[in-house]
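For reference, the chains in residue letters:
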Amino acid sequence: MPNTPATVLEINLDALTHNYTYLKSRLKPNTKFLGVVKAFAYGSETVTVARKLETLGVDYFAVAYTQEGVVLREAGIATPILVLHPQPSNFDTLIEHRLEPSLYAPRILKLFITAVIKAKKENYPVHIKFNTGLNRLGFWENDVAYIIKKLQEQPLLKVVSVFSHLAASDDLAEVEFTEIQIANFEKIVKTISDKLGFVPLRHLLNTSGILNYSEAQYDMVRSGIGLYGYANDTAIDAALKPVATLKTVISQMHQIEPGESVGYNRGYRSDGYKITATLPLGHADGISRHYGNGKASVLVQGKKAPIIGNVCMDMMMIDVTGIACKEGDEVIVFGENLTAEDFAKNANTISYELLTAISQRVKRITTGS
Ligand SMILES: *Cc1c(COP(=O)(O)O)cnc(C)c1O
């Protein structure tokens, strides 16, 4: 391809379809599926991913911030979009783009009603978020009376759903805590439904929740990481396919003598004759310095080559001693045979952080259909 940059992030739509189908197969046929496409669809490409999920029949989307929802609407996405963490300063924009806010605190509810009055809207779809133990965002159970009072004072909002979020759905050492969260959620749903006179959609589970607590799927689930091919579980990871593959090339190779150093601050010191390769990929592309000094490896000719020394802004060096390779050869940073989870592991982080950190300088290319 002419003019294709050396470093690209390939987004494989066939893998996305595979993961969506797999996750759906773990649910009851009537459970709705909300696809989480925040943070550039976990670092991939929001619009491409959302369009594909829309054709696959996803019921809902979620983004974190209003502006992410605006991008989807401007691209013609018609599926309902839940904004998980809206701010009052964006309410006018949110309403203008028919985005649906998560209302998570008395202040947010009050200010959202004011914005709906100002926009002269009625029956505006909203989602009420409850805190059941994560202690991040959400109303507390004893806010229900206040919520009902506000909803009745100005009956302009339509409560589409009631939801909460699990703190440790991927950690089977925390089953007891998670079961308490599930019980709290049930109790809150009952209290608010009794007062509303109807039961809104109920949703609690993220990807690991779907896999570990499927009995709590209620009316809808919210999956992000699973769609992109990761499940916080090695056995399930094997059933999923990574959507994003980060590829680059070898720009230059060097022969290093024993005792020589490589990179800034002489971060790597050679204890023998080594062959190194320099790659056009650095911390400005999202490969943090935490991955340097042997913490992560890439694949060259299918073989693992560790990052040596400090990751630079636009480059990194790898040890390719003993690997039959040459300048211009392709390098897989992560993807199918070396997953983002593998890459992240020794640097003490998780696939979520690595994927969402890949910067906008890296060109996204779509494969599959
Ligand atoms: C990000 C997010 C999700 C998706 O979680 P995954 O682990 O990626 O499936 C679901 N719900 C909420 C509230 C979130 O913030």
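1. Some remarks on the overall build of the chain
A tally of helices and strands in the chain yields 12 helices and 19 strands. Contacts in the chain between residues far apart in sequence, at least 24 positions, make up 66% of those at least 6 positions apart. Accessible surface, the chain: about 16600 Å² in total, of which carbon and sulfur atoms supply 50%. The distance from the centre of the 38 positive side-chain charges to the centre of the 38 negative ones in the chain is 5 Å.

2. So, the packing of helix α1 (residues 13-25) against helix α3 (residues 46-56)
The interhelical angle for the contact between α1 and α3, taken along N-to-C directions, is 45°, at an axis separation of 11 Å. Judged by the angle between their axes, α1 and α3 are oblique. As α1 packs across α3, the resulting crossing turns out to be right-handed. Residue-level contacts link L13, L16, T17 and Y20 of α1 to T48, V49, K52, L53 and L56 of α3.

3. Quick notes on the pattern of salt bridges
The tally for this structure, following the rule as stated, stands at 13 salt bridges. A salt bridge links K247 to E330, with the shortest nitrogen-to-oxygen separation between them at 3.8 Å. Pair noted here: K247 is in strand β10 (residues 244-249) and E330 is in strand β18 (residues 330-334), with a separation of 83 residues, a long-range link. The class for K247 is buried, based on a relative accessible area of 17%. Take E330: its relative accessible area is 45%, and that puts it in the partly exposed class. The closest approach of N and O atoms between D271 and K274, which form a salt bridge, is 3.7 Å.

4. Focus on the nonpolar core
F112, L157, I287, V300, F334 and F343 are the most contacted members of the largest nonpolar core, which totals 116 residues. Those residues in contact with L157, other than ones at most four positions away along the chain, are L103, L109, F112, I113, V116, Y124, V126 and L151. I256, Y268, I308 and C312 belong to the second largest nonpolar core, which has six residues in total.

5. Quick notes on the site of the ligand
Close to the ligand lie 13 residues, the nearest being K38, Y42, T207, I225 and Y352. Side-chain polar atom of T207 to an oxygen atom of the ligand: 2.5 Å apart, as the coordinates give it. Here a nitrogen atom of the ligand and a side-chain polar atom of R222 are 2.8 Å apart. Bound to the protein, the ligand loses 94% of the 390 Å² it would expose on its own. Only α2 (38-43) and β9 (220-223) provide two or more residues apiece to the shell around the ligand. A breakdown of the residues in the shell around the ligand according to their chemical character gives five nonpolar, five polar and three charged.

Cut-offs applied
- Residues numbered from 1 in each chain as written.
- Predicted model: local features only at pLDDT ≥ 70, side-chain atom pairs only at ≥ 80, totals over all residues.
- Heavy atoms only, no water.
- Helix = DSSP H or I, 4+ residues; strand = E, 2+ residues; numbered from the N terminus.
- Contact = heavy atoms within 4.5 Å.
- Areas by Shrake-Rupley, 256 points an atom, 1.4 Å probe, with all protein chains shown as cover.
- Lys, Arg positive; Asp, Glu negative; His and termini not counted.
- Charge placed at Lys NZ, Arg CZ, Asp CG, Glu CD.
- Axes fitted to C-alpha atoms, helices over the stretch in contact; angles between N-to-C directions.
- Parallel < 35°, antiparallel > 145°, perpendicular 65-115°, else oblique.
- Left-handed = near helix turned anticlockwise from the far one by under 90°.
- Salt bridge = Lys/Arg side-chain N within 4 Å of Asp/Glu carboxyl O.
- Buried < 20%, exposed > 50% of the residue type's maximum accessible area, 1.4 Å probe, protein only.
- Core = buried A, V, L, I, M, F, W, Y, C linked by side-chain atoms within 4.5 Å.
- Near = heavy atom within 4 Å.
- Polar contact = N/O pair within 3.5 Å; in protein donor to acceptor, adjacent residues only side chain to side chain.
- Nonpolar A, V, L, I, M, F, W, Y, C, P; charged D, E, K, R; others polar.

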